[in-house]
Amino acid sequence: MKFTGSHILSITQFKREQIDQLFAVADRMEPYAHRRKVTRVLDGAILGSMFFEPSTRTRVSFGCAFNLLGGEVRETTGFESSAIAKGESLYDTARVLSGYSDVIVMRHPTSGSVAEFASASRVPVINGGDGSNEHPSQALLDLYTIRKELKHKGRAGIDGLRIAMIGDLKYGRTVHSLCKLLSLFQNVHLTLISPDELRMPADIVESLRAGGNTVVESDAMESSISHVDIAYSTRIQEERFSSKEEASLYRGRYRLNQAIYTRFCEPNTVIMHPLPRDSRVEANELDNDLNENPNLAIFRQADNGVLVRMALFALILDVADEVDRHARDVNWYTERRF
Ligand code: NCD
């Protein structure tokens, strides 16, 4: 895949060289994301941001990323405020809206819908999550975070990574995309922890194994997180279940807190979560008592979303090498605590 002008629909489009290219650009976005510099490289460009499912991080960080490159964002959220509520097809919506933007990011509850939309779009479309299928930009920012966190601990590279994914592995699109992305690497040891009914889809497990990686499936958390570099927790995707009652059978099954972490994890294990974590008492998959744990990377992970999404825009719109030419220092107070 070459980035310029491409849709980003599935993580399977990527090879390792594109990941390296993307992450190198993301690294260069740091002064802009941290507000030490501004660039106007996308001055005049418009992002169509279309979210037909709840979203905070993905929607806002894609929007911020575009603004930070100097572009403007037009938002459509929810079916009720769009003509889809009047029976308009995805095809017609794509034909029309792609005339109003230079690039579109879209989230939709139906698997495959963003690809269908993209096939009628006249501009590049990025999949911001299609049902329980995929969430490619999340997988990219997750891998970027893993790489950065491990580097801080003096370890280079993803080959040989030991990672546990915990929770709803059946409906969680972030873990689907992340597993597909990890299958590009060598000797990754994955421990997939879920209730039996919510296991990772078999085709994803098979392709990981076919690539020479090790996959162990388990329904017990404590005994399975003892020897991992990354513990990646997820929320039960209650919106994908036929009823709230069915989802509540699984909510709260796995709860990671400081006591369990201290007892079972290696002292360097990094804790990740795509967020939102479900902090209601009946769920609480990542307890608030982990908030001061320096290995809790969830907010750094969310911050990294801006860098990776800026890099995606810069590459898709072919301005990655122009960003610094359109830059200046900022005038305002920018001290931030990270
Ligand atoms: C995830 C999603 O929407 O798939 N959130 C996100 O984009 N960071 C995970 C979730 O909702 O549980």
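Anything mentioned here points back to the structure above.
In this text the structure is predicted, and so the values were computed from the model without any measurement. (Residues numbered from 1 in each chain as written. Predicted model: local features only at pLDDT ≥ 70, side-chain atom pairs only at ≥ 80, totals over all residues. Heavy atoms only, no water.)

J.: Talk me through the sheet that holds strand β5 (residues 125-130); I want residue IDs and the actual numbers.
T.: Pairing is parallel in the open sheet, where four strands are placed in the order β3-β2-β4-β5. The open sheet is flanked by β3 (72-77) and β5, the only strands paired with a single partner. Ignoring which end each strand starts from, the neighbouring axes of this sheet average 15° apart. Here strand β4 (residues 103-108) pairs with β5 via four bridges, running parallel. Residue pairing across strands places I104 opposite V125, the latter belonging to β5. Contacting β2 (46-51), β4 and β5, helix α5 (residues 113-120) crosses the sheet at an angle of about 160° to β5. (Pairing = 2+ DSSP bridges. Helix = DSSP H or I, 4+ residues; strand = E, 2+ residues; numbered from the N terminus. Axes fitted to C-alpha atoms, helices over the stretch in contact; angles between N-to-C directions. Contact = heavy atoms within 4.5 Å.)

J.: For the side chain of Q301, give the residues involved together with the corresponding values.
T.: Turning to its location among the elements, Q301 is positioned in helix α11 (residues 298-316). The exposure class of Q301 is buried, given its relative accessible area of 1%. Discounting residues that sit within four places of it in the chain, Q301 has contacts with Q138, L141, D142, T145, Y232, M272, H273 and P274. (Buried < 20%, exposed > 50% of the residue type's maximum accessible area, 1.4 Å probe, protein only.)

J.: Would you mind going over helix α3 (residues 57-68) in detail, with residue names and values included?
T.: With twelve residues, α3 should cover 16 Å at 1.5 Å per step; its first-to-last C-alpha distance of 16 Å lies within 8% of that length. Looking only at α3, the buried set comprises T58, S61, F62, G63, A65, F66 and L68. G70 occupies a position one or two residues after α3 and carries a positive phi of about 100°. (Expected span 1.5 Å × (residues − 1).)

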